[in-house]
Amino acid sequence: MDTFAIGDHDYLLNDEPFRILSGAIHYFRVHPDLWEDRIRKARLMGLNTIETYVPWNEHSPEPGTFRAGGRLDLGRFLDLVDAAGMRAIVRPGPYICAEWDNGGLPAWLFSDPTVGVRSSEPGYLAAVGSYFDSLLPIVVERQVTRGGPVILLQIENEYGAYGKDKAYLQHLVDLVKRHGVDIPLFTCDQPFGRMIEDGSLPELHKTGTFGSRSPERLGFLRERQPTGPLMCAEFWNGWFDNWGTHHHTTDAAASAAELDALLSAGASVNIYMFHGGTNFGFTNGANDKGIYEPSITSYDYDAPLSEDGYPAAKYFAFRDVIAKHFPVPAEVPAVRPVLPESVVTIGSSVPLLSVVDALGSPQRIAGPVPASEATGKYRGFCLYERSLDRGGVLTFGEVRDRAQFFLDGFPLGTLSRELAERSIVVPRGGLLQVLVEDQGRVNYGPRIGESKGLTGPAVLDGEELTGWQIRPLELANLDATPLAELAKDLRGSGGVAGPSLSFAPFDADGPGDRYLRLDGWTKGNAYVNGFNLGRYWSRGPQRTLYVPGPLIRKGSNVLAVLELQGSTTRDVRFVSGPDLGPDEK
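We now turn to the structure provided with this report. Sequence order as written defines residue numbering, which begins from 1 separately in each chain. In view of the model being predicted, local features appear only for residues whose pLDDT reaches at least 70, and side-chain atom pairs are presented and counted only at 80 or more, with totals across whole chains, interfaces and linings using the full set of residues. Only hydrogens and water are set aside when side-chain values are computed; all heavy atoms of the structure are taken into account.

## As for the overall build of the protein
- A count of helices and strands for the protein gives ten helices and 35 strands.
- Radius of gyration means the value over C-alpha atoms here, while the globule rule gives 2.2 Å times the residue count to the 0.38 power. Radius of gyration (C-alpha) of the protein: 25 Å, near the 25 Å computed for a compact globule of 585 residues.
- In terms of principal-axis extent, the alpha carbons of the protein reach across some 75 × 55 × 40 Å.
- For every residue, the accessible area (1.4 Å probe, protein chains only) is compared with the maximum for its type, and the residue is labelled buried under 20%, exposed over 50%, or partly exposed between those bounds. A buried classification covers 59% of the 585 residues belonging to the protein. Counting from the N terminus, the helices are DSSP H or I runs at least four residues long and the strands are E runs at least two residues long.

Laid out in structure tokens, this is it:
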């Protein structure tokens, strides 16, 4: 079996110096049938290691559960890394940030107000212990010391930016060691202030996270860790995007020069991201530093390997830099081919409010207006309903995150958390229905774990409204067949009204990547053969949704579109490449 250790100056693989040249790939953001391709292309760029986070909330969507199949098969992913002759770094959190929903922390964790996350609070530690009981055996048996690829395991994640509970960090160290982790443990923090000291323990290997001024950042790290190898555990070569902004990019030549400076200094590196992937479904996170900003569906990150797995200019620039310092394979990946476009026309549609019985069961809550977590569901959409005997000005404590109001089926308007809107005029009595979208839980800062839905009190002209009915809508993925049977064929040439579910069959010659372009549509989600591709929104910057090739079947396929507002067209286009909107200038 191999050994891996922290030496005085180098990482030591079987007692020989080893420079880590790593790239981040989040297995949970990539279709599992494409993992092998993405890993191979990392090797062809000259990398020798793959790093990944592990999202607790995705593996454990409800208390007492742990899913490890399909796109959550971490064991298979690590085995593919091993088969490619590469090493692996695992970052299990429990908190990961990653612009992922709730920073990877399960929303159900916050149902008990006494639980203190990212601390040595007993309830939280018990939940982490249960999670690690299921997760760590997958990693332990794949350690380099047992013939596997895993050489490093992270403790927490940039903890110095959050707290300094040393007892909590020590508990995590003791926990992973009890499970049999015998590879080196590390922490990563930004090289500013006291973050490195606060976010680690004396015996843990410390790494930095940065994307520029490499010599200065490495010098800061060396001052706080006089011996041991230097490593940038997140070399930020791009950035993420939020709805309503531009597409963030970094100059390929400038990023390559920073990488060259880092490698010339003798440091190891993890390129964050090598391949970003996609926030499929309702998995995107959000930021809130005074204004709520949900992340877009694409996690392309302006990475060397694009969202659909083709090399960008940065790929070749980084490959050239790596080749100055280390051997790289002769093979070079193919660039994206130009494929013919096709148009699919929506043929049938059904109002969403008319099929809610097929999407979820209502629950009656006797007290004040409940958060959506009262249903036991933690993502996507829920429908609030209440009969009103009169009209007036209806006000809520807060809307999280977007609410569409209907009175006896007629639209009244929309309230948005982003604009801090809390009040709407209800003209008369009748059945009030409120469709609320959770646009993504905050993944960084003090608002992690906050509740979703309508927050109380709900007040109509000074009188609090209690006794609501709330219904979670099962839209994470979509079994289109029974819903399509309820849809009616469309006539005329106009668009579709919202909120609605619309359907269009289409034929394909076989599997193959596509991008779905929704010009003329406003906001919602799109599905191919029931799989939720993610959110679209006309405000941009993202204009296309990535369709992984394995989702497409030879012959007949079904496209479904959940449109919340309304469209000016019934046409959507399949195109061969992405449009993530205007770049940052």
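## Regarding the side chain of Glu 437
- Tracing the backbone shows Glu 437 in strand 23 (residues 430-437).
- In the analysis that follows, any N or O atom pair within 3.5 Å is treated as a polar contact, provided that within protein one partner can donate a hydrogen and the other can accept it, and provided that, for residues neighboring in sequence, both atoms belong to side chains. Only 2.8 Å separates the side chain of Glu 437 from the side chain of Lys 523, close enough to count as a polar contact.
- Residues are treated as being in contact if the distance between any of their heavy atoms lies within 4.5 Å. The contact partners of Glu 437, leaving out residues within four places of it in the chain, are Gly 380, Phe 381, Arg 400, Asp 401, Arg 402, Lys 523, Arg 535 and Leu 564.

## Things to note about the pattern of salt bridges
- Should a side-chain nitrogen of Lys or Arg be within 4 Å of a carboxyl oxygen of Asp or Glu, the pair is scored as a salt bridge. For the structure on display, the rule yields 44 salt bridges.
- Measuring nitrogen to oxygen at the nearest pair gives 3.4 Å for the salt bridge that ties Arg 194 to Asp 198.
- By relative accessible area, Arg 194 is classed as exposed at 53%.
- A salt bridge links Asp 260 to Lys 324; its shortest N-O distance comes to 2.7 Å. With a gap of 64 residues between them, Asp 260 in helix 8 (residues 252-264) and Lys 324 in helix 9 (residues 313-325) connect regions that are remote in the sequence.
- Judged by its relative accessible area of 56%, Lys 324 falls in the exposed class.
- One connected set of salt bridges, linked through shared partners, spans Asp 288, Glu 398, Arg 400, Asp 401, Arg 417, Asp 438, Arg 447, Glu 450 and Lys 452.

## A word on the nonpolar core
- Ranked by internal contacts, the top residues of the largest apolar core, which has 111 residues, are Phe 77 and Tyr 124.
- In this structure Phe 77 touches Ile 25, Tyr 27, Trp 35, Ile 39, Ile 50 and Thr 52, once residues within four positions along its chain are discounted. Nonpolar core, defined: a set of buried Ala, Val, Leu, Ile, Met, Phe, Trp, Tyr and Cys residues in which side-chain atoms within 4.5 Å join the residues together.

## Looking at helix 1 (residues 35-44)
- By the burial criterion, the buried members of helix 1 are Trp 35, Arg 38, Ile 39, Lys 41, Ala 42 and Leu 44.
- Of the surrounding elements, those touching the buried residues of helix 1 are strand 4 (21-25), strand 5 (49-53), helix 3 (74-83), strand 11 (268-275), helix 9 and strand 33 (544-547).
- Just downstream of helix 1, Gly 46 is the residue with a positive phi angle, here 110°.

## Here we look at the pairing of strand 10 (residues 231-236)
- Most of strand 10 is tucked away: five of the six residues are buried.
- Here three bridges tie strand 9 (residues 205-210) to strand 10, and the two strands are oriented parallel to one another. Each bridged residue has a counterpart across the sheet, and for Gly 208 the counterpart in strand 10 is Cys 232.
- Here, the term right-handed applies to a crossover whose path from the first strand over the helix to the second runs clockwise when the strands point away from the viewer. Regarding the hand of the β-α-β motif, the stretch spanning strand 9, helix 7 (residues 214-224) and strand 10 is right-handed.
- The pairing of strand 10 with strand 11 spans four bridges and is classified as parallel. Looking across to strand 11, one finds that Phe 235 is bridged to Ile 271.
- After leaving strand 10, the chain enters helix 8 and then returns to the sheet as strand 11, a path that is right-handed. For two strands to be treated as a pair, DSSP must find at least two bridges joining them.

## Some points on helix 3
- Within helix 3, burial applies to Leu 74, Gly 75, Phe 77, Leu 78, Leu 80 and Val 81.
- Packing partners of the buried residues in helix 3 comprise strand 4, helix 1, strand 5, strand 6 (87-91), helix 4 (122-140) and strand 7 (150-154).
- With its phi angle positive at about 75°, Gly 85 sits one or two positions after the end of helix 3.

## A few points about the sheet that holds strand 7
- Read around the closed barrel, eight strands run 4-5-6-7-8-9-10-11, paired in parallel fashion. The sheet shows a mean angle of 30° between the axes of neighbouring strands, direction not considered.
- Across four bridges, strand 4 lies against strand 11 in parallel orientation. Bridge pairing links Gly 23 to Ile 271 in strand 11.
- Contacts between helix 8 and the sheet are confined to strand 4, strand 9, strand 10 and strand 11, with strand 10 contributing the most and set at about 180° to the helix. Axes here mean lines fitted to C-alpha atoms, for a helix over just the part in contact, with angles spanning 0 to 180 degrees between N-to-C directions.

## Examining the environment of Thr 3
- Checked against the element boundaries, Thr 3 lands in the segment before strand 1 (4-6).
- Accessibility expressed as a relative area gives 38% for Thr 3, which makes it partly exposed.
- Put simply, Thr 3 and Thr 114 are 111 residues apart on the chain and 42 Å apart in space, counted from C-alpha to C-alpha.
- Residues contacting Thr 3, with those up to four places away along its chain left out, are Leu 12, Leu 13, Asn 14 and Asp 15.

## So, unusual backbone geometry
- Put simply, Arg 400 and Asp 401 share a cis peptide bond, and its omega is 15°.
- For Asp 401, the location among the structural elements is in the loop between strand 19 (398-400) and strand 20 (402-407).
- Between Gly 456 and the following residue, Pro 457, the backbone shows a cis peptide bond with an omega angle of 0°.
- With respect to the helices, strands and loops of the structure, Pro 457 is situated in the loop between strand 24 (453-455) and strand 25 (459-460).
- If you check the backbone angles, Glu 156 has positive phi at about 55° while not being a glycine.
- The topology assignment puts Glu 156 in the loop between strand 7 and helix 5 (166-178).
- On the basis of relative accessibility, which here comes to 0%, the residue Glu 156 falls in the buried class.
- Although it is not a glycine, Asp 461 sits at a positive phi angle of roughly 50°.

Remember, this is a structural readout, not a statement about activity or role.
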